[in-house]
Amino acid sequence: MSNKKSGSNRGLYFGQYDGKGVIPAAPVAMFLRNTSDTIEGKAEMIKSSELLPGRSSSAPVPGNSSSGGGVPIEFSALSFDRLLSGLFMANWVRDATDSKVSTLTPGTLAKKFWILTHFAEADRPIFQLFAKNMVDSLDLTFAVNAIVTGAFNFVGVNDPLMVPTVNPVTGLASLPAPLATEAFTSRIGYLKIDDIECTESKEFKLSVKNNLAAIYALFQSEADVKEKALDVTGSVAIYFTDETAYNKAVNAATVTFGIQVADAAGNSYLWELSGTKFDSHSSAVSGKEEMVLSFPFTAFGTNVVNVTRTLATAPTLFTLTYDDNDSTGGTVPEAVTLQEAGAMLFASANSGTLVKTGSTFDGWNTAADGSGTDYAIGEAVVLEGNMTLYAVWI
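Residues numbered from 1 in each chain as written. Predicted model: local features only at pLDDT ≥ 70, side-chain atom pairs only at ≥ 80, totals over all residues. Heavy atoms only, no water.

**Student:** Even after reading the chapter, I still don't get the overall build of the protein, so can you show me in this structure?
**Tutor:** Check the secondary structure of the protein and you find two helices and 27 strands. Here the C-alpha coordinates of the protein stretch approximately 85 × 75 × 45 Å along the principal axes. Relative to its 394 residues, the protein shows a buried fraction of 42%. Long-range contacts, defined here as pairs at least 24 residues apart, represent 69% of the contacts in the protein between residues at least 6 apart. A total of about 19,800 Å² of accessible surface is found on the protein, and carbon and sulfur atoms cover 52% of it. When the 27 basic and 41 acidic side-chain charges of the protein are each reduced to a single mean position, those positions are 6 Å apart. (Helix = DSSP H or I, 4+ residues; strand = E, 2+ residues; numbered from the N terminus. Buried < 20%, exposed > 50% of the residue type's maximum accessible area, 1.4 Å probe, protein only. Contact = heavy atoms within 4.5 Å. Areas by Shrake-Rupley, 256 points an atom, 1.4 Å probe, with all protein chains shown as cover. Lys, Arg positive; Asp, Glu negative; His and termini not counted. Charge placed at Lys NZ, Arg CZ, Asp CG, Glu CD.)

**Student:** Explain the pairing of strand β4 (residues 61-74) here, please?
**Tutor:** Both strand β3 (residues 40-46) and β4 contribute to a ladder of six bridges, which runs antiparallel. Considered in β4, the bridge of E40 is made with G68. With eight bridges connecting them, β4 and strand β9 (residues 149-156) associate as antiparallel partners. Bridge pairing links G70 to N153 in β9. (Pairing = 2+ DSSP bridges.)

**Student:** Is there a simple way to think about the packing of aromatic side chains in this case?
**Tutor:** Remark: the centre distance and the inter-plane angle together describe each pair of aromatic rings, the angle taken between the planes. Taken as a whole and judged by the stated rule, the model has 18 aromatic pairs. Geometrically, the ring pair formed by F88 and W271 is tilted, given 6.2 Å between the ring centres and 45° between the ring planes. Of this pair, F88 sits in helix α1 (residues 81-88) while W271 sits in strand β18 (residues 268-278); the two residues are 183 residues apart in sequence, bridging distant segments of the chain. Note on accessibility: F88 and W271 belong to one class, buried. Plain terms: the ring middles of F204 and F257 are 5.4 Å apart, the flat faces sit at 65° to each other, and that makes the pair edge-to-face. On the criterion of sequence distance, the pair formed by F204 in strand β13 (residues 201-209) and F257 in strand β17 (residues 255-262) is long-range, its members being 53 residues apart. (Phe/Tyr/Trp six-rings, centres within 6.5 Å; stacked < 30°, edge-to-face > 60°.)

**Student:** Sorry if this is basic, but what is going on with the nonpolar core here?
**Tutor:** The nonpolar side chains of a soluble globular protein tend to be buried, and buried together. Counting 55 residues, the largest nonpolar core has F75, L84, F257, Y269 and W271 as the members making the most contacts within it. Contact partners of L84, with chain neighbours within four places excluded, come to F75, W92, L104, L138, F152, Y269 and W271. Ranked by size, the runner-up nonpolar core spans 17 residues in total, among them F31, A131, M134 and V225. (Core = buried A, V, L, I, M, F, W, Y, C linked by side-chain atoms within 4.5 Å.)

**Student:** Help me understand unusual backbone geometry in this model?
**Tutor:** Negative phi characterises most residues that are not glycine, and trans characterises most peptide bonds. One non-glycine residue with positive phi stands out, namely F219, at about 65°. Residue placement: F219 occurs in the loop between β14 (213-215) and β15 (224-226). We classify F219 as exposed; its relative accessible area is 81%. Located in the positive-phi region is D326, a residue other than glycine, with phi close to 70°. Within the fold, D326 resides in the loop between β21 (318-323) and β22 (336-339).

**Student:** For this particular structure, what's the right way to read the sheet that holds strand β24 (residues 361-365)?
**Tutor:** Each strand in a sheet pairs with its neighbour through backbone hydrogen bonds, running either in the same direction (parallel) or in the opposite one (antiparallel). Read from one edge to the other, the open sheet built from five strands follows the order β22-β21-β27-β24-β25, with strand pairing classed as mixed. Here the strands that pair on one side only, and so sit at the sheet edges, are β22 and β25 (374-375).

**Student:** What exactly am I supposed to notice about the side chain of S268 here?
**Tutor:** On the secondary structure map, S268 appears in strand β18. Those residues within four positions of S268 in sequence are excluded, and the remaining contacts are Q260, V261, A262, T308, R309 and T310.

**Student:** Where do I start with the pattern of salt bridges in this structure?
**Tutor:** Inspection of the entire model under this criterion finds nine salt bridges. Residue E340 is joined to R309 by a salt bridge in which the shortest nitrogen-to-oxygen separation is 2.2 Å. Separated by 31 residues along the polypeptide, E340 in the loop between β22 and β23 (344-346) and R309 in strand β20 (residues 305-310) bring together distant segments of the chain. Just as E340 is buried, R309 falls in that class too. Beyond isolated ion pairs, a larger network of salt bridges with shared partners links D81, R309 and E340. (Salt bridge = Lys/Arg side-chain N within 4 Å of Asp/Glu carboxyl O.)

**Student:** What exactly am I supposed to notice about α1 here?
**Tutor:** The α-helix advances 3.6 residues per turn, and as a result positions three or four apart in sequence lie on the same side. Burial within α1 is extensive, with eight of its eight residues counted as buried. Where α1 is concerned, the buried positions are D81, R82, L83, L84, S85, G86, L87 and F88. One or two residues past the end of α1 sits M89, with phi positive at roughly 55°.

**Student:** Before we go on, may I ask you to explain the environment of S8 in this structure?
**Tutor:** Looking at the secondary structure, you find S8 in the segment before β1 (10-16). What makes S8 exposed here is its relative accessible area of 65%. Along the primary structure S8 and T319 are separated by 311 residues, whereas in three dimensions their C-alpha atoms are 40 Å apart.

This is how it looks when you write it as structure tokens:
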């Protein structure tokens, strides 16, 4: 009889799909640090209403399938950078002068991730692979004398079976260990409102949400996950010491926020919000304790949130290079440099008018002899290391 499974032996792992929506042959995996999870698959059942003698109801057949749920976390450096880039639908952009500093601003890159659940009991390990997940939202809570906590929420496309013994992520030789970076706390950092440090705050909550939806079409077995509007909301709780914040709420003033957390190793993340207004205000008194005014807020407009990450050690960066592959004229497109692992780029057009006598340019391939992966002009390319694309001649 197999051992009963437990959360203590359950691990979550994730990785990124390539630009073609396929798990790479040599996938890069990360341990998904968490405190629990609610990720689950579901299938809608299709049931006939036809009336037939001797039958009270029809046998249902499987219909649309999807997955979703949340992964509560304790926020720490490096552990969630890929998921943050998925949330922002953008690549980390390195600072022009400081290699340790990078920034995320909202974009339109539809990054997709696989999530692997592994119940690791030695007698009968079990795996479950959730496919093509996009990051729908992140909720963070910064509270007094506490670890910064939150939850990533996902939308995926399948209701996966549980698979015994064999890891369904082909090519993943071993499962990675979790990173050892310490969780951020409210002990190191700051909160600024309109560029003035707020030293009387009790709690700050932030929610960044893409409002993803799984869209189904006729005769398609898999949903297409699409983003809608980006919503940035939250709340700030402040000890009542003066009228400043309250009057901003009354006057519907536009407010900016900057909240930074740092660890002892020298890593920090700064969340900046602009175009923000308080949704409501109240100075109600309850009991004799210190008054704390809570102000829900909503950010409006475009590019209202960004994250600036400063690391103790500069990250490894990669380059996408183009090769003319024995052309007889023209020049190759410019290389794309300073990209982190997981960056999503797009195969260049033949911008330098490459030509080869007796042949026609037909896109790019990861191998000079054409035996690798083809990339058409404009097709997404995901970097997991330095990559060269060779001109294809036909």
